[in-house]
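What follows is each chain in one-letter form.
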Amino acid sequence: MLADFDPTPFPPVLRTAHELVAAGIAMRRVRTKAARAALAQAELAARQAGIPALTAEVENAAHVLNTPAARLIARGKERPLLLEEVEALLSSKTLVVDACRNVVRDSRTVVSLVTRPVLFALARALGEAWPHDVPRDLLLARAFGARFVDESHRMRLRVEIGRLRKMLQPLADVNATKRGFTLVPHRAHEVVVLARPVEDENGAVLSFPCRR
């Protein structure tokens, strides 16, 4: 609806509000070019309005694009990513275990595990360890919080791994090894985990731009 809406007749205050909404939607969709264009228009309209508080609001929104929106976890290392870098990653050929949205994806296929937290915990553990395997005991601890492992736990792990293997079939195989399991992508040559910048009770707020 906003894409077909012309805010030109609006007074500067309403044009600013319109562009801020458009920028916010673009950020949540991880479209940084569109977000920057909307913020540029918002800044122009805010200056025309001559309201310092409105100008400050636009500046705060623009600051989001220069603040880490996520963390990249790959091959045992971590680094922060700006929203622009997140966009480039999601459009690349990399297999991404996305802990901001609880999906596993590449540039062509998205598999949602939003309603399957155990499966996503297993997928994330496999993604963080890639290209190595993950021991069964570690997978049990990550997915089920198991401190003491017995045969019932191992049986449950086999069941859940089977379910994960079926869910990820369009993207990757989950292969058994001597000590555990490993992720083997079909098309991608790299597997990474995209996580919130901070994983605590405030993590969802800090990763707002990366969430759809």
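In case you missed it, the structure is sitting above this.
In short, a report on the structure. Values in this document were obtained by computation on a predicted structure and should not be read as measured data. (Residues numbered from 1 in each chain as written. Predicted model: local features only at pLDDT ≥ 70, side-chain atom pairs only at ≥ 80, totals over all residues. Heavy atoms only, no water.)

1. A closer look at the nonpolar core
For soluble globular proteins, nonpolar side chains are generally found buried alongside one another. Counting residues in hydrophobic clusters, the biggest one holds 34 residues, and the most contacted among them are Leu164 and Leu183. Considering every element that reaches this core, the biggest residue donor is helix α5 (residues 117-129), with eight residues. Beyond its immediate sequence surroundings of up to four residues, Leu183 is in contact with Leu95, Leu126, Gly127, Trp130, Leu168, Ala172, Asp173, Val174 and Val191. Counting residues in hydrophobic clusters, the runner-up holds 27 residues, among them Ala38, Ala61, Ala74 and Val86. (Core = buried A, V, L, I, M, F, W, Y, C linked by side-chain atoms within 4.5 Å. Buried < 20%, exposed > 50% of the residue type's maximum accessible area, 1.4 Å probe, protein only. Helix = DSSP H or I, 4+ residues; strand = E, 2+ residues; numbered from the N terminus. Contact = heavy atoms within 4.5 Å.)

2. Quick look at the pattern of salt bridges
Within the structure shown, the criterion is met by 13 salt bridges. Two residues, Asp98 and Arg101, come together in a salt bridge whose shortest N-O distance is 2.3 Å. Of the two residues, Asp98 and Arg101, neither departs from the other in class, the shared state being buried. The salt bridge involving Arg124 is made with Glu128; its shortest N-O contact spans 2.7 Å. (Salt bridge = Lys/Arg side-chain N within 4 Å of Asp/Glu carboxyl O.)

3. Brief notes about the side chain of Arg101
As for its position among the elements, Arg101 is in the loop between β3 (95-98) and β4 (103-105). Judged by relative accessible area, Arg101 falls into the buried class, the value being 12%. Within the structure, Arg101 has its side chain in polar contact with the side chain of Asp98 (distance 2.3 Å). (Polar contact = N/O pair within 3.5 Å; in protein donor to acceptor, adjacent residues only side chain to side chain.)

4. Side note on the sheet that holds strand β6 (residues 134-135)
An order of β6-β8-β7 is seen for the three strands of this open sheet, with the pairing classed as antiparallel. Since the sheet does not close on itself, it has two edges, and those belong to β6 and β7 (172-176), each with one partner. Strand direction decides the pairing type here: β7 and strand β8 (residues 180-185), joined by five bridges, are antiparallel. Within β8, the position partnered with Val174 by the bridge is Leu183. Strands in contact with α5 are β6, β7 and β8; relative to β8, the strand with the most contacts, it is inclined by about 75°. Along the sheet face, helix α7 (residues 151-167) touches β7 and β8 and points at about 155° away from the line of β7. (Pairing = 2+ DSSP bridges. Axes fitted to C-alpha atoms, helices over the stretch in contact; angles between N-to-C directions.)

5. A word on the pairing of β3
Burial along β3 is two-sided: Leu95 and Val97 and Val96 and Asp98, pointing in opposite directions, are all buried. Where β3 meets strand β9 (residues 191-195), four bridges bridge the pair, whose relative direction is parallel. Bridge pairing in β9 places Leu95 opposite Val191. Here β3 folds back onto β4, and the loop between the two strands holds four residues, one of which, Asn102, carries a positive phi near 60°.

6. Here we look at the sheet that holds strand β2 (residues 77-81)
Read across the sheet, six strands follow the order β2-β1-β9-β3-β4-β5 without closing on themselves; strand pairing throughout is mixed. For this open sheet the edge positions go to β2 and β5 (110-112), each flanked by a neighbour on one side alone. Ignoring strand direction, the axes of neighbouring strands in this sheet form an average angle of 20°. Along the sheet face, helix α4 (residues 83-90) touches β1 (70-74), β2, β3, β4 and β9 and points at about 115° away from the line of β2.

7. Remarks on helix α3 (residues 52-63)
With 12 residues, α3 extends 16 Å from end C-alpha to end C-alpha; this agrees with the ideal 16 Å at 1.5 Å per step. For α3, every residue scored as buried is listed here: Leu54, Val58 and Ala61. Viewed end-on, α3 has its buried residues packed into an arc of 60°, placing them on one side of the element. Summarising the geometry of α3, the exposed residues directed more than 90 degrees from the buried face are Pro52, Ala53, Glu59, Asn60 and His63. Packing partners of the buried residues in α3 comprise α1 (12-28) and α2 (32-49). (Expected span 1.5 Å × (residues − 1). Arc of directions from axis to C-beta.)

8. Side note on the layout of surface pockets
Within this model, the largest pocket holds a volume of roughly 290 Å³. Along its surface, the largest pocket is lined by 13 residues, and Leu2, Ala3, Ala22, Ile25 and Arg29 are the ones closest to its centre. Elements with a minimum of two residues in the lining of the largest pocket: α1 and α2. Tallied by class, the residues present in the lining of the largest pocket amount to nine nonpolar, one polar and three charged. (1 Å grid on protein atoms, 1.4 Å probe; cavity = no way out; pocket = protein on both sides within 12 Å on 5 of 7 lines; lining within 4 Å. Points joined across faces, edges and corners; volume = space filled by probe spheres on them. Nonpolar A, V, L, I, M, F, W, Y, C, P; charged D, E, K, R; others polar.)

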